[in-house]
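Analysis of the macromolecular model
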Amino acid sequence: MIPAAFDYACPTSVDEAVRLLAECGEEAKVLAGGQSLLPMLRRRAASPRWVIDVNRVPRLRGVRQEAGSLVIGAMTTHHDVIHDELVRRHAPLLAMATETVGDPAVRHRGTIGGSAAHADPAGDLPPVMLALNAVMVSRGPRGRRTVPAADFFVDRLVNALEADELLVGIRVPALGEGWGFHYEKFQFSAQATTWVGVAAAVRRESGSIVEARIGLANMGATPLRASAAEAALAGADATEDAVARAVGTAARGASPMSCPSAPSEYRAHLARVLTRRAVLAAAGITGRNAV
């Protein structure tokens, strides 16, 4: 299908992009990597009056360290996130999950900010942002604003940005020693939507799990934290049996969408299975009852 007609603007600075968004308001869509927006335009699932292309804003790209966190520009591509040394050293969970996004062509064009702003509950990166307690940084006419990831994803394909705000970066706190990470997901085929994804960050000391953070993809209208499983894991022995008991609550409070190929009950089962795998891997638990 051919997209509906729209006007096109290509700002070269953040200030110019924000000014255009303020002028166009709800009638504008921001074009980042285009891996989500362009298919929507072709299907006319979105018909904006203006498309504002921010690909020529260099300040929106790159990764830097700042006050104990990584600051990742919203236009940093998936490929660059995967291969960035700072990300691999201080936020390896983000690199792990990003490696599973689409195919090489998608990862070379798609951006971390575009993925976050699209707010797809089946997306691989939003649950990672929840598990890492990431903070979204936006710019608008009223200045800079920060929104915790827990408050950024409002509904299916709806984020917390105002119509005149531009997502400029994502701040990811660097986690210290003792943390392990893993990302698990299930999908019917390589290019299919993720049925369930699990991002796990686990801190282990001696023979116990001190803290666990678990983000779930496609278990509701927004990405979710598996809060009940996190609470059950805190203080649990670092054994297969203890983890298996704790993650039985992984789907508690979730409301996964049901379809003929993946009923909600099956998605809940997948969430428990994948959470178990992710937590065991993140905690470095191998072998029967290993500690």
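Quick notes on the rules
Residues numbered from 1 in each chain as written. Predicted model: local features only at pLDDT ≥ 70, side-chain atom pairs only at ≥ 80, totals over all residues. Heavy atoms only, no water. Helix = DSSP H or I, 4+ residues; strand = E, 2+ residues; numbered from the N terminus. Pairing = 2+ DSSP bridges. Axes fitted to C-alpha atoms, helices over the stretch in contact; angles between N-to-C directions. Salt bridge = Lys/Arg side-chain N within 4 Å of Asp/Glu carboxyl O. Buried < 20%, exposed > 50% of the residue type's maximum accessible area, 1.4 Å probe, protein only. Phe/Tyr/Trp six-rings, centres within 6.5 Å; stacked < 30°, edge-to-face > 60°.

To continue, consider the environment of Ala231. Among the secondary structure elements, Ala231 is positioned in helix α10 (residues 227-233). In the structure, Ala231 is positioned 112 residues away from Ala119 in sequence and 26 Å away in space, judged by C-alpha atoms.

A few words now on the sheet that holds strand β1 (residues 7-9). Strand order in the open sheet made by the three strands is β1-β3-β2, with parallel pairing throughout. Only two strands of the sheet have a single partner each, and these edge strands are β1 and β2 (28-31). Direction aside, neighbouring strands of the sheet carry axes that sit 25° apart on average. Pairing of β1 with strand β3 (residues 50-53) involves three bridges; the strand directions are parallel. Following the sheet pairing, Tyr8 is matched in β3 by Val51.

This part takes up the pattern of salt bridges. Counted by the stated rule, this structure contains 14 salt bridges. One salt bridge in this structure joins Asp7 and Arg49, with 2.0 Å as the shortest N-O distance. Taken together, the residues span a long stretch of sequence, with Asp7 in strand β1 and Arg49 in the loop between α2 (37-43) and β3 at a distance of 42 residues. Relative accessible area serves as the criterion here: at 42%, Arg49 is assigned to the partly exposed category.

In terms of residue burial, strand β5 (residues 69-73) counts as a mostly covered element, since five of its five residues are buried. Burial along β5 is two-sided: the face carrying Ser69, Val71 and Gly73 and the face carrying Leu70 and Ile72 are both buried. Where strand β4 (residues 63-66) and β5 come together, four bridges link them in antiparallel fashion. Bridging across to β5, Glu66 finds its partner in Ser69. Turn length for the β4-β5 hairpin, with the two strands adjacent in sequence and antiparallel, is two residues, and the turn residue Ala67 shows positive phi of about 50°. Where β5 and strand β10 (residues 166-173) come together, five bridges link them in antiparallel fashion.

This paragraph deals with the packing of aromatic side chains. Taken as a whole, this structure holds three aromatic pairs when the rule is applied. Taking the centre distance of 6.2 Å and the plane angle of 85° together, the rings of Trp195 and Tyr266 count as edge-to-face. With Trp195 in strand β12 (residues 194-205) and Tyr266 in helix α12 (residues 264-283), this pair connects stretches of sequence that are 71 residues apart. On the basis of relative accessibility, which here comes to 13%, the residue Trp195 falls in the buried class. You can call Tyr266 partly exposed: its relative accessible area is 33%. Joined through ring pairs, the aromatic side chains of Phe186, Trp195 and Tyr266 make up one cluster.

This brings us to unusual backbone geometry. A negative phi holds for most residues other than glycine; trans holds for most peptide bonds. Within the chain, Arg44 stands out as a residue other than glycine whose phi angle is a positive 60°. With respect to the helices and strands, the residue Arg44 is situated in the loop between α2 and β3. A positive phi angle, close to 65°, is found at Asn218, a residue other than glycine. In this fold, Asn218 is placed in the loop between β13 (208-217) and β14 (224-225). For Asn218, a relative accessible area of 6% gives the class buried.

The analysis is restricted to geometry; functional conclusions fall outside its scope.
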